[in-house]
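Fold and geometry: a report
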Amino acid sequence: MNVNYTAEELAFRDEVRAFLSAELPTDIAQKVKLGKHLSKEDHQRWQKILSKRGWYAPGWPVEFGGTTWGPVEKHIFDEECAAFGAPRSIPFGVNMVAPVIIKFGTEAQKAHYLPRILDGTDWWCQGYSEPGAGSDLASLKTRAVRDGDHYIVNGQKTWTTLGQHADWIFCLVRTDPEAQQQRGISFLLIDMKTPGITVRPIITLDGDHEVNEVFFQDVKVPVENLVGEENKGWTCAKYLLTHERTGLAGIGASKAALAGLKRAATRLQSGGKPLLDDPLLRLQIAEVEMQLMAIEMSTLRILAAAKEGGVPGAESSILKVKGTEIRQAITNLRRKIIGPYALPFLEEELELDYDGDKLHEDATPGVAPIYFNMRKLSIFGGSNEIQKNIVAKMILEL
Amino acid sequence: MDFKLSEEQQMLQDTAARQVRDAYPFEKREQYSKSELGFSQDFWNQLGELGLTAVPFSEELGGFGGGGVETMLIMTELGRGLTLEPYLQSVIHGGGLLAQLGSDAQKENVLAEVAAGSLQLAVALEEPTSLYNLADVSTTAKAANGGYLLNGRKAVVIGGHSAGKIIVSARTSGGQCDEAGISLFLVDPSAAGVKRRVFPTIDGRKACELLLDNVQVALDDLLGEEGEAFAALRYQQGRAIAAQAALAVGYMQELCNLTLDYLKTRKQFGVPIGKFQVLQHRMVDMQTELEQATSMAMLAACHADAEDNAERTRVLTAAKYIVTRGARFVAEQAIQLHGGIGMTWEYNGAHYAKALVMIGHEFGDEDTALKAYAKDLEVA
Ligand SMILES: Cc1cc2nc3c(=O)[nH]c(=O)nc-3n(C[C@H](O)[C@H](O)[C@H](O)COP(=O)(O)OP(=O)(O)OC[C@H]3O[C@@H](n4cnc5c(N)ncnc54)[C@H](O)[C@@H]3O)c2cc1C
């Protein structure tokens with residue numbers, strides 16, 4: 001056993017660092033660090049840079065434009081990206097639908113969709129949840145009825161992140177209402193421009209527009225947009241969820257957030273002394289840092305085990321629960337240390353191009369909204385309660 | 001010991017409850033919050049007409065001589081409706097400072113109007129780096145022209161945007177964190193040199209930064225003795241904390257009710273989610289925090305107007321700690337148990353949750369309270 005990075009891994013890290021210092025646009029990094037909203041254009045600009053280097057889709061097989069990186073390289077890459085303030089890749093295309101297409105799609109689907117994801121032509125969103133089907137995803141009702149060369153889709157999806165910007169949506173739809181729940185579901189790719197689709201914004205409690213309702217009324221979808229077999233969509237869904245969960249631990253993002261917390265606690269003063277001199281705050285930061293150290297090792301350990309034996313199983317649920325709790329603890333401390341400046345709700349200062357007077361040089365306006373926004377981490381991607389149910393059942397066999 | 005309310009107290013509670021219920025359906029609150037004033041002038045006027053703004057003041061000041069319990073009853077109802085009016089800032093905190101320190105003339109001219117609800121006060125103590133330490137005052141007041149010249153910046157003054165007068169702490173002598181040398185002034189926000197940068201707060205209210213640039217105030221605008229305001233600041237902050245605890249209890253009651261309803265009605269896996277034991281226990285934990293906060297709000301109410309001594313300080317500090325922590329727990333768990341719905345602007349529960357978390361950003365957070373309590377820990 002050796003938990004140190006090898007010489008090759010260190011060299012790889014240097015390579016990533018050099019790339020990020022040279023190529024990451026400073027205006028984008030600045031926005032990420034201040035918790036400002038990013039535009040679609042910001043994401044696209046960064047995506048192009050990554051694609052050019054061949055690093056936009058590290059998890060894909062090389063033949064489709066991916067890399068040969070193992071879990072350690074991926075981890076190093078994520079961590080460095082977060083530390084430099086690179087935007088997190090929007091996962092729906094590259095990390096969600098793409099692995100499903102690669103595993104279950106036809107050659108034609110691979111040839112058509114994957115390059116368009118890689119070069120940023122298509123933006124994807126995820127159409128799983130419905131008003132009545134959240135944790136109990138398999139109870140979904142959106143219906144797809146075969147009609148010649150098409151499916152006719154009717155129903156509603158909700159909580160669709162970035163649906164307002166997406167070109168395509170991958171949906172779980174019910175194709176056999178008679179079959180037992182999981183058996184009658186199919187995985188469909190739908191062009192958001194198809195007539196009959198309406199997108200309505202949902203504003204979250206922090207005032208942001210990142211989720212939507214998506215309505216389908218007699219939407220015609222070509223049969224060739226089915227991925228895998230009809231009524232076998234649940235297999236795709238489950239495959240995708242395990243992929244999603246591992247990423248949701250968000251170690252790199254937590255490390256960056258923790259570093260930001262420590263910097264702020266050093267910079268911000270009270271009574272003429274840096275806040276970090278306060279013993280209670282130091283204890284709280286120390287505690288979360290040690291937790292993070294442990295979850296990082298757990299992540300690497302579980303991913304390494306998976307490398308030999310396939311995709312990580314229910315263990316990824318443990319990573320999701322603990323990882324999101326840590327991230328939420330960091331945002332909580334970050335909120336506390338700005339004191340009364342958590343109160344001002346300066347939506348305009350969060351805008352992309354705000355260059356007016358700042359209320360306070362150091363009390364970043366994004367801090368309290370981010371604290372509230374990050375409550376979502378324990379709800380989406382399978383709520384933390386559901387993750388614990390999975391661990392209890394699959395690992396502990398309770 | 002007796003936990004029963006008197007007949008008058010019961011009536012007061014009913015009046016406040018009815019008033020809030022009628023004026024504060026959630027859609028109306030959104031409108032008030034988005035308006036320029038940031039709250040309802042009509043509702044504020046009603047509080048004045050019904051005498052609710054006069055409750056805590058003594059009879060010779062035109063009040064009803066109410067104490068901590070009466071304040072608690074009103075605050076809890078204001079909390080249940082998630083009201084936006086600066087009652088706590090104007091009547092309890094500002095009014096309390098005036099009642100304790102004001103000269104006869106100040107009481108007659110200013111306090112009478114506060115009690116009637118025709119004048120709204122704000123209290124500007126916090127500074128950009130003071131982090132809830134009342135003694136950390138860099139704003140200066142220098143004797144000039146028979147009065148004082150004020151210079152400095154006051155942070156996040158709740159209700160400061162609409163206040164007719166703002167009570168400002170400033171240093172007349174001593175070093176940055178000295179308790180001695182702090183004075184209080186009644187500042188007219190329309191005076192030359194006063195600048196207010198107004199902003200909404202994340203819990204839907206309005207506040208401002210108060211920038212003072214050579215603001216001339218008269219000798220008559222000094223509250224109490226020069227340099228001697230600290231004891232009153234501490235005492236009145238204690239009253240404000242007691243009132244805030246009751247406010248938080250009102251928020252928690254409503255948010256616990258909303259969550260309990262949701263557990264009974266939301267179905268997943270073919271059953272109401274309240275059938276899942278892990279959620280039952282979580283709901284029990286929320287209810288337990290509500291009970292603990294209710295107890296501390298009562299204990300605080302019964303000490304708020306008592307003589308200033310170590311026991312009172314201990315109780316109020318403990319109330320701040322228990323209530324702030326409980327408030328956050330209830331807020332976070334309520335969001336969690338609602339799933340995606342709990343994250344949305346259009347769901348009123350999310351706004352209760354935000355208000356509950358912000359309890360820890362006014363008059364101190366749980367850490368300042370924990371440290372203060374630990375410092376004076378009694379060892380038998
Ligand atoms: C910001 C945000 C973005 C999202 N983005 C997307 C997206 O892009 N695409 C998409 O398809 N979905 C998305 N979601 C939806 C997300 O996956 C669901 O919110 C999640 O699955 C929970 O479902 P629900 O909201 O219906 O809550 P419910 O399932 O109703 O859950 C309510 C509460 O009950 C608990 N619960 C439910 N069942 C059990 C059980 N058996 N045992 C114990 N506790 C239980 C839950 O943990 C939760 O606390 C997003 C959600 C949010 C908040």
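Residues numbered from 1 in each chain as written. Chains lettered and ligands numbered in written order. Predicted model: local features only at pLDDT ≥ 70, side-chain atom pairs only at ≥ 80, totals over all residues. Heavy atoms only, no water.

Taking an unreviewed UniProt entry as the reference, chain B is identified by name as Pimeloyl-CoA dehydrogenase small subunit belonging to Pseudomonas mangrovi. Word for word, the UniProt comment on chain B under Sequence similarities (unreviewed entry) is "Belongs to the acyl-CoA dehydrogenase family." (UniProt positions renumbered as here; feature names shortened; annotations may be inferred.)

An unreviewed UniProt entry annotates chain A as Pimeloyl-CoA dehydrogenase large subunit originating from Pseudomonas mangrovi. For chain A, the Cofactor (unreviewed entry) comment in UniProt is given as "FAD". According to its UniProt record, chain A has this under Sequence similarities (unreviewed entry): "Belongs to the acyl-CoA dehydrogenase family."

1. Quick word on the overall build of chain A
A tally of regular secondary structure across chain A gives 13 helices and 10 strands. Against the globule reference of 21 Å for 398 residues, chain A gives a C-alpha radius of gyration of 22 Å, in line with a compact fold. Overall, the C-alpha framework of chain A stretches about 75 × 50 × 50 Å when taken along its three principal axes. Looking at chain A as a whole, 54% of its 398 residues qualify as buried. Here the contacts in chain A between residues at least 6 apart in sequence split such that 72% fall between residues at least 24 apart. When the accessible surface of chain A is totalled, it reaches about 17800 Å², and 53% of it is carbon and sulfur. Seen as two clouds, the 46 positive and the 52 negative side-chain charges of chain A have centres 3 Å apart. (Helix = DSSP H or I, 4+ residues; strand = E, 2+ residues; numbered from the N terminus. Rg over C-alpha atoms; globule rule 2.2 N^0.38 Å. Buried < 20%, exposed > 50% of the residue type's maximum accessible area, 1.4 Å probe, protein only. Contact = heavy atoms within 4.5 Å. Areas by Shrake-Rupley, 256 points an atom, 1.4 Å probe, with all protein chains shown as cover. Lys, Arg positive; Asp, Glu negative; His and termini not counted. Charge placed at Lys NZ, Arg CZ, Asp CG, Glu CD.)

2. Digging into the UniProt feature "domain: Acyl-CoA dehydrogenase/oxidase N-terminal" (unreviewed entry) in chain B
Residues annotated in UniProt with the feature "domain: Acyl-CoA dehydrogenase/oxidase N-terminal" (unreviewed entry) correspond here to residues 6–117 of chain B. Its end C-alpha atoms 25 Å apart, residues 6–117 of chain B is made of 68% helix and 0% strand.

3. Here we look at the domain arrangement of chain A
Residues and elements named next belong to chain A. According to the domain assignment, chain A consists of domain 1 (7–89), domain 2 (123–232) and domain 3 (248–346 + 357–396). Relative to domain 3, the C-alpha centre of domain 2 lies at a distance of 31 Å. Taken together, the contacts link five residues of domain 2 with seven residues of domain 3. Interface of domain 2 and domain 3: buried area, both sides summed, is about 480 Å²; carbon and sulfur atoms make up 55% of it. For the pair domain 2 and domain 3, the interface holds one salt bridge. Glu210 is the salt-bridge partner of Lys376, the closest N and O atoms lying 2.7 Å from each other. Inspection of the domain 2/domain 3 interface yields three residue pairs in polar contact (both at pLDDT 80 or more). Here the residues of the side of domain 2 that touches domain 3 are counted per class, giving one nonpolar, two polar and two charged. (Domains from an automatic or database assignment. Buried area = accessible area lost by both parts, 1.4 Å probe. Salt bridge = Lys/Arg side-chain N within 4 Å of Asp/Glu carboxyl O. Polar contact = N/O pair within 3.5 Å; in protein donor to acceptor, adjacent residues only side chain to side chain. Nonpolar A, V, L, I, M, F, W, Y, C, P; charged D, E, K, R; others polar.)

4. Notes on the side chain of His43 of chain A
Residue placement: His43 of chain A occurs in helix α3 (residues 40–53). Every residue in contact with His43 of chain A, bar those within four places of it in the chain, is listed here: Leu38, Pro87, Arg88, Ile90 and Trp123 of chain A.

5. Observations concerning the domain arrangement of chain B
All names here are of chain B. Parsing chain B into structural domains produces domain 1 (7–119), domain 2 (122–227) and domain 3 (231–379). For domain 2 and domain 3, the distance between their C-alpha centroids amounts to 30 Å. With 10 residues of domain 2 at the contact, the number on the domain 3 side is 13 residues. Carbon and sulfur atoms make up 68% of the area that domain 2 and domain 3 hide from each other, which totals about 960 Å². When the buried surface of domain 2 facing domain 3 is broken down by residue, Tyr132, Leu134 and Ile202 rank first, second and third, together holding 60% of it. Applying the counting criterion to the domain 2 and domain 3 interface returns one salt bridge.

6. A closer look at unusual backbone geometry
The backbone of Asn231 of chain A sits at a positive phi, close to 70°, despite the residue not being glycine. Of note, Asn231 of chain A is situated in the loop between β8 (226–227) and α7 (233–248).

7. Examining the environment of Gln46 of chain B
Within the secondary structure layout, Gln46 of chain B lies in helix α3 (residues 41–49). Relative accessible area serves as the criterion here: at 25%, Gln46 of chain B is assigned to the partly exposed category.

8. Structural notes on the interface of chain A and chain B
If you look at the interface, chain A gives 53 residues, while chain B gives 50 residues. Summed over both sides, the interface between chain A and chain B buries roughly 4100 Å², with carbon and sulfur atoms accounting for 61% of that surface. Taken as a group, Leu205, Leu343 and Glu385 of chain A account for 18% of the area that chain A buries against chain B, more than any other trio of residues on that side. In this assembly, chain A and chain B are joined by seven salt bridges. In this structure, Arg282 of chain B and Glu385 of chain A form a salt bridge, with 2.9 Å as the shortest nitrogen-oxygen distance. On inspection of chain A and its partner chain B, the count reaches 26 residue pairs in polar contact (both at pLDDT 80 or more).

9. What about the site of the ligand?
Taken together, 31 residues form the shell around the ligand, and within it Ser135, Trp159, Thr161 and Ser383 of chain A together with Arg266 of chain B come nearest. One nitrogen or oxygen atom from the side chain of Ser383 of chain A is found 2.6 Å from an oxygen atom belonging to the ligand. For the ligand, an oxygen atom lies 2.7 Å from a polar atom in the backbone of Gln336 of chain B. For the ligand, whose accessible area on its own is 970 Å², the fraction buried by protein is 95%. Elements supplying a minimum of two residues to the shell around the ligand: β7 (209–222) and α13 (384–395) of chain A together with α8 (277–304) and α9 (310–338) of chain B. Element by element, the count of residues in the shell around the ligand is highest for α13 of chain A, at three residues. Looking at the shell around the ligand residue by residue, the class counts come to 14 nonpolar, 13 polar and four charged. (Near = heavy atom within 4 Å.)

10. Digging into a nonpolar patch on the surface
Together, Ile318, Met394, Ile395, Leu396 and Leu398 of chain A make up an exposed nonpolar region whose accessible area comes to about 540 Å². Following the sequence through the fold, Ile395 of chain A ends up in helix α13. (Patch = residues over 30% accessible without salt bridge, like charges linked within 9 Å, V, L, I, M, F, W, Y side chains within 5 Å.)

11. Focus on the nonpolar core
In this structure, Tyr87, Leu184 and Leu356 of chain B are the most contacted members of the largest nonpolar core, which totals 135 residues. In terms of residue count, the dominant contributor to this core is helix α7 (residues 230–265) of chain B (18 residues). Beyond its immediate stretch of four places on either side in the chain, Tyr87 of chain B contacts Trp44, Leu47, Leu52, Thr53, Pro56, Ile74, Met75, Leu78 and Ile92 of chain B. Counting residues in each nonpolar core, the second largest holds 51 residues, with Ala57, Val100, Tyr113 and Cys236 of chain A among its members. (Core = buried A, V, L, I, M, F, W, Y, C linked by side-chain atoms within 4.5 Å.)

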